[in-house]
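Inside the fold
The residues making up each chain are set out below.
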Amino acid sequence: MNDVRAHEDELLYVYAVTRPFAAALPEGVRGLDGEPPGLIEHRGLCAAVSRVPAKDFDAVPLRAHLEDLDWLGRSARTHEAVVAALAAVTCPVPLRLATVCRDESGVRRLLDSGRARFVPAVERLSGRIEWGIKVYAQAEQPSPARELDAQEPRAATGRDYLRRRLGERQSRDEIRRRAGALSRALHAELCERAEAGRLHRPQDARLSGRPGENVLNAAYLVPLDRSEDFVAAVRDFVPHIEGVRVELTGPWAPYSFAGGPDDGHGQEGQEGREER
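Described in the following lines is the structure provided in the data block. Since we're looking at a predicted model, the values are computed, not measured.

Section: the overall build of the chain
Looking only at helices and strands, the chain features 9 helices and 9 strands. Counting the 276 residues in the chain, one finds 40% classified as buried. Considering only contacts in the chain between residues 6 or more positions apart, those separated by 24 or more positions represent 81%. Only carbon and sulfur atoms are counted for the fraction: they give 49% of the accessible area of the chain, which is about 15100 Å².

Below you can see the structure in the form of structure tokens.
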């Protein structure tokens, strides 16, 4: 276990809460400090932590960093990698990105104050994983020849140009309509096949790097022994629709369901800081 004592200029970053466990984490997992995460056990719960510099994770610099998409992306990938490593050996309850405590005593207070949530969540999530579904509306991109036509006044009259632009807009609207209809039907179907489903805010293309407009961003809690059937159901249900793309992601540790059935924990894009 990595030494988790923070020095005066360091804080403790908390990735997830689990029951205490004896199994070793997968080889090569590294936290934000470049070292294997440490574990702090307290009253039947265990927090996975890393030491991080206060100059980056104290309140004021952290707010600035959270506006930096590159920094935020790197931190989120490391956070997710640690939680995924925990999920390979135990049942983690993932915490929000940038949950930070002052020291070990702060981590213990975090475990105590969250006990009413953490203990039921560990029970509810044990033996379950999360699958994600994203639906994108992706309008056809104009070809270089069509773009040249639009720039060349002699290629068409003004009326022809406006007619073409109207047709393109109507095509985009139709693709969005198809994507919306598929999203509603798919979400209803998968909620019947999962233990729970949750809708997240559509992802910003600047963060996802995916082409097209994200219409559906949903997560589903599925028992491990029904995971293959769930994936097969997605593939069987989704038709080919021109301009509409469906992505299945996972399996993940159940981020979206870590906070209980009715609260907002697990929503993508949430960041948090615990002053404890």
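Some points on the sheet that holds strand β6 (residues 128-137)
Within the open sheet, the 4 strands sit side by side as β7-β8-β6-β9. Their pairing is antiparallel. In this open sheet, the two strands that pair with only one neighbour each are β7 (196-199) and β9 (244-252). Adjacent strand axes in the sheet meet at a mean angle of 20° when their direction is disregarded. As defined by bridge partners, β6 adjoins strand β8 (residues 213-223) across 10 bridges and the pair is classed as antiparallel. Within β8, the residue paired with Ile133 across the bridge is Ala218. Each of β6, β8 and β9 is contacted by helix α9 (residues 227-237), which is oriented at about 10° to β6, the strand it contacts most.

Re unusual backbone geometry
Going from Gly250 to Pro251, the amide bond is cis rather than trans, its omega being 0°. Along the chain, Pro251 turns up in strand β9. In this structure, Arg43 is a non-glycine residue whose phi angle is positive, near 50°. Locating Arg43 in the fold gives a position in the loop between β2 (38-42) and β3 (45-53). At Ala98, a residue that is not glycine, the phi angle is positive and equals roughly 70°. Among the structural elements, Ala98 can be located in the loop between β4 (93-94) and β5 (100-101).

A few points about the pairing of β2
Of all 5 residues that make up β2, 4 are buried, and the element is covered over most of its length. Inspection of the sheet shows β2 paired to β3 by 5 bridges, in the antiparallel sense. Within β3, the residue paired with His42 across the bridge is Leu45. Turn length for the β2-β3 hairpin, with the two strands adjacent in sequence and antiparallel, is 2 residues, and the turn residue Arg43 shows positive phi of about 50°.

Comments concerning the environment of Phe118
Tracing the backbone shows Phe118 in helix α5 (residues 115-125). Sequence separation of Phe118 and Ala258 is 140 residues, and the distance between their C-alpha atoms is 8.1 Å. For Phe118, the contacting residues outside a window of four places in its chain are Val17, Leu45, Val93, Leu95, Leu110 and Leu111.

Topic: the pattern of salt bridges
Within this structure, the stated rule accounts for 12 salt bridges. A salt bridge links Glu195 to Arg128; its shortest N-O distance comes to 2.7 Å. Of the two residues, Glu195 sits in the loop between α7 (158-193) and β7 while Arg128 sits in strand β6, which places them 67 residues apart along the sequence. Residue Arg178 pairs with Glu174 through a salt bridge whose shortest N-O separation is 3.2 Å. Taken together, the residues span about one helical turn, with Arg178 and Glu174 both in helix α7 at a distance of 4 residues. Residue classification places Glu174 among the partly exposed positions, given a relative accessible area of 27%. What emerges from the salt-bridge pattern is a single network uniting Asp173, Arg176 and Glu213.

Some words on the packing of aromatic side chains
Enumeration over the complete set of coordinates arrives at 4 aromatic pairs. For the ring pair Tyr13 and Phe57, a centre distance of 5.8 Å and an interplane angle of 85° mean the geometry is edge-to-face. Taken together, the residues Tyr13 in strand β1 (residues 10-18) and Phe57 in helix α1 (residues 54-57) connect sequence positions 44 residues apart. Exposure class is identical for Tyr13 and Phe57. Each is buried. Taken together through their ring pairs, the aromatic side chains of Tyr13, Tyr15, Phe57 and Trp71 make up a single cluster.

A look at the nonpolar core
Grouped together as the largest cluster of nonpolar side chains are 24 residues, with contacts concentrated most on Leu11, Tyr13, Tyr15, Phe57, Val83 and Leu86. When residues of this core are traced back to their parent elements, those giving at least two are β1, β3, α1 and α3 (69-87). Ranked by residue count, the leading element in this core is α3, at 6 residues. The next biggest cluster of nonpolar side chains, apart from the first, holds 20 residues, and it includes Val135, Ala218, Phe230 and Val244.

Thresholds applied
Residues numbered from 1 in each chain as written. Predicted model: local features only at pLDDT ≥ 70, side-chain atom pairs only at ≥ 80, totals over all residues. Heavy atoms only, no water. Helix = DSSP H or I, 4+ residues; strand = E, 2+ residues; numbered from the N terminus. Buried < 20%, exposed > 50% of the residue type's maximum accessible area, 1.4 Å probe, protein only. Contact = heavy atoms within 4.5 Å. Areas by Shrake-Rupley, 256 points an atom, 1.4 Å probe, with all protein chains shown as cover. Pairing = 2+ DSSP bridges. Axes fitted to C-alpha atoms, helices over the stretch in contact; angles between N-to-C directions. Salt bridge = Lys/Arg side-chain N within 4 Å of Asp/Glu carboxyl O. Phe/Tyr/Trp six-rings, centres within 6.5 Å; stacked < 30°, edge-to-face > 60°. Core = buried A, V, L, I, M, F, W, Y, C linked by side-chain atoms within 4.5 Å.

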